[in-house]
Amino acid sequence: MTTIKYISVRGARVNNLKNIDIDIPRNRFTVVTGVSGSGKSSLAFDTVYAEGQRRFVESLSAYARQFLERMRKPDADSITGIPPAVAIGQNQLQKNPRSTVGTTTEIFDHLRILFGRVGKTICHKCGKTIVKDTSDSIAKDIIDRWSKDDKLYIMFPFKADISNIDEQISLMKERGYFRLVSKTDYEIIDIENTETQPNLLSDTYYVLVDRLALQNDKDTVSRITESIEQSLVYGLEEMSVLNLTESEIKNYSSIYECADCGIVYVEPEPKLFTFNSPYGACTKCQGFGRTTGLDDALVFPDKSKSITMDAIHPFRGDTFSKYKRQLIRIATYLNVDVNKPVSELTDDELKVIWEGAPGYIGLDKFFEMLEGEKQKMHYRIMLSKYRGYTVCRSCGGSRLRRSARQVFVGGKNIPELVKMPLEKLYDFFKNIELTEYEMNVGGKLVEEITWRLELLVEIGLEYLTLDRLSHTLSGGEAQRIKLATSLGSQLVGTLYVLDEPSIGLHSRDTEKLIRILYKLKNLGNTVIVVEHDLEIIKSAQNIIDIGPKAGEEGGYLIYSGDYEGLMNCKKSVTADYLSGRKKIIFQEVKSAVGNKHIKILNPRHHNLKMPEVTIPLNLFVCITGVSGSGKSSLVHDIIYGGLKKIHGGYMGEIGGYERIEGFENIEAIEMVDQSPIGKSSRSTPATYIKVFDIIRDVFSNTQESKQMGWKPGYFSFNVPGGRCDVCEGEGNITVDMQFLPDVTLECEACKGTRYKKEVRDLKYRNKSIVDVLNMTIDDAFDFFKDNEKIKKKLSIMRDVGLGYLKLGQPSTQLSGGEAQRVKLAGYLESKSEAHTLFIFDEPTTGLHIDDISKLLICFRRLVSSGHSVLVIEHNLNVISAADYIIDLGPGAGEKGGLVICAGTPEKIMSCTDSFTGIALSNMENP
């Protein structure tokens, strides 16, 4: 049999694909490109990946299939040569608070096994290594530790209290032990001497088992071993050896505990290090790392203030200010600087403030006092003001119980490792020093951990930590983590389909991504990437261009082949930009920086450490910097959160800062993100921009509607009336299969149209309401060319490049970039006169370079309307079109958080320390 070298697709008609035939080479790196909405995802995901996944699911047993999503066969004549498929999309990782970067990448699982097999437990009190002694190991230690002829006492603890001392003494006599040894002066006491018995409880004593002079001969070793065994049995796993010659005592235990401190630990095993199991989780926070308690940020709302300036919020006012005066009065004696900002206080000073001291109650006891009086309403209200989710004080946020936190490998425990940036963690495991035994047991685990960390660092995620929560990652970060995880698993013969992996990636790191994709391909896999980035398109072995336009005017195969052939393709819009035949259009005359601005002083959140940052207003401003430099921390957590709270109505978490100046220069703030515009199939672009209301008015004003008495609401699928009564306007019916997954079927009554027959039969210019909802926005614009209200609303959707969307397309089917542009259209249409700061987070997601010019025109419209636009972006075309750029860096994580340069694009290009400036200088402007 000959090996199939291609994935052959014949007659693909999924969504807007026009019956296309294509051969995709296997074991190659293929890029699928084309304008937004042309049908790229329909080919790559809905056809090729869907069929690969469907065939894999169909190969499973009926029992296994009941737990998996039911998959339909893609609409195509034939698909052959397809391997098992894996999709790596843009969707964020799960929002489970127990999901972290470590668990997602499976590195944490390897760490658990490594620590469970070769980890050493160190006593947190005395710092000694915990070992589980045996009679043989104790005997060997005695011989190795002390010299020949040393006088030794072999003993075990005498455990008795006033209630059972007589019983214990009788028991010792029965066993043949008649002497006790005092711990203080090593004096031997004869328990047959009744005069000494009343004083036995006044000190700690040992039961003497044997006295001998140390020799290294067979008989002495045998005698020592026998005495040790007796001591461990009668001492309840504990015993001691006293060297009279050296006046030294050594404690031993045959259970896993510190023999000196008496602290019992759990023996290391893999399940001890999982915070998702009661066995390893911190008992206080149940493995979440946070507990409901006193929120430090609420107790000290402004840490730039000192104690004398009322930094301790509960001590403000007349009622409790006496406690503030207590602290100030004795501060000198406690070495607490009450005139220093709280943010600069040492741990010892903060410990005094919380725990108190003679003459000062302390915050802990203050809140305990409130708890004791919480039957009083005003005390309960007072307590509620300062409660919130805080880092668990028991485990310090590590999520693990004490026994797990005290296990070390290479001098580090798991809480220390998971808090290290991946770059430092990679260096640690690359240079880790282990004993020969540890390498034999855990060498392969170390290799696997190092390999996975290397992939994450190579892909540009060196600034992340393993304890970073998955739901706090951006879409691009989540996708690159999935990509690195797939590489780490080292599957071969697999089809990988990726959706814009360059999202959130600075142009400096694009080359890293390309190397990773080729690494995946070189393992023996087929890689298909849906992408707009020109550098990635240039690097591909095979390029598929779908077009020529979006929606119904797209779905045709424009080109399939190598890069050189694409450059000669006159029909390809992508080739026009790559070859320079076409250039992006944006406003050359930019706005000048005015006097109005917003200034954030001393922002301190995550890795931010700049003294201040100024955002000029009434401009198009771009925040740039490498991935992880602090852009989202600054814009989302401080600028948006801080301004939103000032203007009222924000309950989310806000990053730390000293103060915000100039907030009075804006009247509103809007975050135009990529979250869905609706969560149900009833939400559509037509309902979101309110054009469906006008369309329903048009149908209700027809002669037939007036005769029937049908009002605009009769044409809505959201309320009873003209909608189908069987499916209630959903268009489909969900059948409960009890023990099997629910099955969704098309409604037989309305055939999926959502409406009753009489509504479907009513026509406006030979089109029913169902026909109109199936129109694209471009088609509807032409159809309602005589209605200015409808044209006005639809024209804005066309301006943002969404003319290809259907009016009735469920919002749940829109990509993040499409949802963001629908919101933008809504703001453009509203024409609010209030000065609004609009914030966009990577608005070019999913946009072809041909559509970026439309987006830039929309930004200019917002600015010319008197608003301000703030954009987080990596796309060089958008950055070069900005009025003002703030470049953060220079690196990621701990190496970032500073303003490298701020000013016009020309000023950024002249800054040799700016990676963004270097990229702009090297940019071939399309």
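So, here is what we can say about the structure in this document. The structure displayed is predicted, hence computed values, not measured ones.

1. Quick notes on the state of the cysteines
Phase 1: Scanning the entire structure with this criterion turns up 0 disulfides.
Phase 2: There is no disulfide at Cys-395, and the cysteine sulfur nearest it, in Cys-392, is 3.7 Å away.
Phase 3: The exposure class of Cys-395 is buried, given its relative accessible area of 6%.
Phase 4: Of the cysteine sulfurs around Cys-724, a residue in no disulfide, the closest is that of Cys-727, at 3.7 Å.

2. Examining helix 29 (residues 788-799)
Phase 1: An ideal rise of 1.5 Å per residue puts 16 Å on 12 residues; helix 29 measures up with 16 Å between its terminal C-alpha atoms.
Phase 2: Looking only at helix 29, the buried set comprises Ile-790, Lys-791, Lys-793, Leu-794, Ile-796 and Met-797.
Phase 3: Buried positions along helix 29 lie against helix 23 (685-688), helix 24 (691-700), helix 28 (777-783), helix 30 (816-830) and helix 31 (849-864).
Phase 4: Its side-chain oxygen placed 3.2 Å from the backbone nitrogen of Lys-789, Asn-787 serves as the N-cap of helix 29.
Phase 5: The positive-phi residue at the C-terminal boundary of helix 29 is Gly-801, with phi of around 80°.

3. Here's the deal with the environment of Arg-821
Phase 1: Residue position: Arg-821 is located in helix 30.
Phase 2: Measuring from C-alpha to C-alpha, the distance between Arg-821 and Pro-501 comes to 20 Å, with 320 residues separating the pair along the chain.
Phase 3: Excluding its chain neighbours within four sequence positions, the residues that come into contact with Arg-821 are Ser-36, Val-800, Gly-801, Leu-802, Tyr-804, Gly-846, Leu-847 and Leu-855.
Phase 4: Only 3.3 Å separates the side chain of Arg-821 from the backbone oxygen of Val-800, close enough to count as a polar contact.
Phase 5: From its side chain, Arg-821 meets the backbone oxygen of Gly-801 in a polar contact 3.4 Å long.

4. Describing the packing of helix 29 against helix 30
Phase 1: Where helix 29 contacts helix 30, the two axes come as close as 9 Å, and the packing angle between them is 135°. With respect to helix 30, the element helix 29 is oriented oblique. At the point where helix 29 passes helix 30, the crossing takes the right-handed sense. Residues Lys-793, Ile-796 and Met-797 of helix 29 pack against Val-822, Ala-825, Leu-828 and Glu-829 of helix 30.
Phase 2: Taken together, the residues that form the contact of helix 29 with helix 30 break down as 5 nonpolar, no polar and 2 charged.

5. Details of the nonpolar core
Generally speaking, nonpolar side chains in soluble globular proteins are found buried as a group.
Phase 1: Core analysis: the biggest nonpolar cluster contains 144 residues, and Phe-429, Phe-620 and Ile-695 have the highest contact counts within it.
Phase 2: Of all the elements, helix 31 adds the most residues to this core, at 8 residues.
Phase 3: If you look at the next biggest cluster of nonpolar residues, it comprises 29 residues, including Phe-320, Tyr-323, Val-338 and Trp-354.

6. Brief notes about the sheet that holds strand 2 (residues 20-25)
Phase 1: Strand order in the open sheet formed by 3 strands is 2-1-4, and the pairing between neighbours is antiparallel. The open sheet has two edge strands with one neighbour each: strand 2 and strand 4 (78-80). Adjacent strand axes in the sheet meet at a mean angle of 5°, parallel and antiparallel pairs treated alike.
Phase 2: As defined by bridge partners, strand 1 (residues 6-12) adjoins strand 4 across 3 bridges and the pair is classed as antiparallel.

7. Thoughts on unusual backbone geometry
As a rule of thumb, non-glycine residues mostly have phi less than zero, and peptide bonds are mostly trans rather than cis.
Phase 1: For the peptide bond that leads from Gly-547 to Pro-548, omega is 0°, which places it in the cis range.
Phase 2: Put simply, Gly-889 and Pro-890 share a cis peptide bond, and its omega is 5°.
Phase 3: Within the element layout of this structure, Pro-890 appears in the loop between strand 29 (884-889) and strand 30 (898-903).
Phase 4: We note that Asn-27 has phi near 55°; this positive angle belongs to a residue other than glycine.
Phase 5: When you line up the elements, Asn-27 lands in the loop between strand 2 and strand 3 (29-33).

8. Observations concerning the sheet that holds strand 7 (residues 151-157)
Phase 1: Spatially, the 6 strands line up as an open sheet ordered 9-8-10-7-11-12, and their pairing is antiparallel. Two strands lie at the open edges of the sheet, namely strand 9 (188-190) and strand 12 (248-253), each paired on one side alone. Averaged over neighbouring strand pairs, the angle between their axes works out to 35° when direction is ignored.
Phase 2: In the sheet, strand 8 (residues 179-182) pairs with strand 9 via 3 bridges, with the strands oriented antiparallel. By the bridge assignment for strand 9, Leu-180 is matched with Ile-189.
Phase 3: Seen against the sheet, helix 7 (residues 218-234) touches strand 7, strand 10 (205-213) and strand 11 (238-243) and runs at an angle of roughly 175° to strand 10.

Reading the values: the criteria
Residues numbered from 1 in each chain as written. Predicted model: local features only at pLDDT ≥ 70, side-chain atom pairs only at ≥ 80, totals over all residues. Heavy atoms only, no water. Disulfide = S-S within 2.5 Å. Buried < 20%, exposed > 50% of the residue type's maximum accessible area, 1.4 Å probe, protein only. Helix = DSSP H or I, 4+ residues; strand = E, 2+ residues; numbered from the N terminus. Expected span 1.5 Å × (residues − 1). Contact = heavy atoms within 4.5 Å. Polar contact = N/O pair within 3.5 Å; in protein donor to acceptor, adjacent residues only side chain to side chain. Axes fitted to C-alpha atoms, helices over the stretch in contact; angles between N-to-C directions. Parallel < 35°, antiparallel > 145°, perpendicular 65-115°, else oblique. Left-handed = near helix turned anticlockwise from the far one by under 90°. Nonpolar A, V, L, I, M, F, W, Y, C, P; charged D, E, K, R; others polar. Core = buried A, V, L, I, M, F, W, Y, C linked by side-chain atoms within 4.5 Å. Pairing = 2+ DSSP bridges.

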